[in-house]
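# Tertiary structure, described
Letter by letter, the chains look like this.
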Amino acid sequence: MPSPLHDAVLELAESAGTSGIAMGTVVDMLAARGVPVEQAERAIWELLERRRLTPAGFVCRVIRRRNPDGSITPSRVYEFMLVPWSAALDAQLDLAWGGSGEGGR
């Protein structure tokens, strides 16, 4: 069942074009409009489950964390790039992992 929040998420994904929009950017933009972060995140996952959004790659952000001893440790954080659903992009999610039998996935 469509909702104004789902429509807003899809509008942001459509406006980003074929390169997609980072999941965190969508959440941040909706939060700036007054949508609670948890609701924005839930809407994105619901649209992914319903195949209305498709992951179209990812971005990797390197963040630096200060340790108790004062040293800095880099950590990588990965984030989906999202586009409106398409059959071609959806097919990329059917990966053949190469193993034999049921345990290959």
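Preceding this paragraph is the structure being described.
The rules behind these values
- Residues numbered from 1 in each chain as written.
- Predicted model: local features only at pLDDT ≥ 70, side-chain atom pairs only at ≥ 80, totals over all residues.
- Heavy atoms only, no water.
- Helix = DSSP H or I, 4+ residues; strand = E, 2+ residues; numbered from the N terminus.
- Polar contact = N/O pair within 3.5 Å; in protein donor to acceptor, adjacent residues only side chain to side chain.
- Buried < 20%, exposed > 50% of the residue type's maximum accessible area, 1.4 Å probe, protein only.
- Pairing = 2+ DSSP bridges.
- Contact = heavy atoms within 4.5 Å.
- Axes fitted to C-alpha atoms, helices over the stretch in contact; angles between N-to-C directions.
- Expected span 1.5 Å × (residues − 1).
- Arc of directions from axis to C-beta.

### Section: the environment of Thr73
When you line up the elements, Thr73 lands in strand 3 (residues 72-84). A C-alpha to C-alpha distance of 10.0 Å links Thr73 and Val62, two positions 11 residues apart in sequence. Side-chain polar atoms of Thr73 contact the side chain of Asn67, separated by 2.6 Å.

### Describing unusual backbone geometry
Non-glycine residue Arg51 carries a positive phi angle of around 60 degrees. One can find Arg51 in the loop between helix 3 (37-49) and strand 2 (53-66). Accessibility expressed as a relative area gives 45% for Arg51, which makes it partly exposed.

### Re the sheet that holds strand 3
The strand order across the open sheet built from 3 strands is 1-3-2, with neighbouring strands paired in antiparallel fashion. Only two strands of the sheet have a single partner each, and these edge strands are strand 1 (21-22) and strand 2. As defined by bridge partners, strand 2 adjoins strand 3 across 12 bridges and the pair is classed as antiparallel. Note on strand 3: the bridge partner recorded for Cys60 is Tyr78. Sheet strands in contact with helix 1 (residues 4-15) are strand 1, strand 2 and strand 3, and its direction is about 95 degrees off that of strand 3.

### Topic: helix 3
Look at helix 3: 19 Å from first C-alpha to last across 13 residues, which is about the 18 Å you get at 1.5 Å a residue. Taken together, the buried positions of helix 3 are occupied by Ala40, Ala43, Ile44, Leu47 and Leu48. Buried positions in helix 3, seen along its axis, are confined to an arc of 135 degrees and lie on one side of it. Along helix 3, the residues that are exposed and aim more than 90 degrees away from the buried face are Glu38 and Glu49. Those residues of helix 3 hidden inside the fold are in contact with helix 1, helix 2 (23-32), strand 2 and strand 3.

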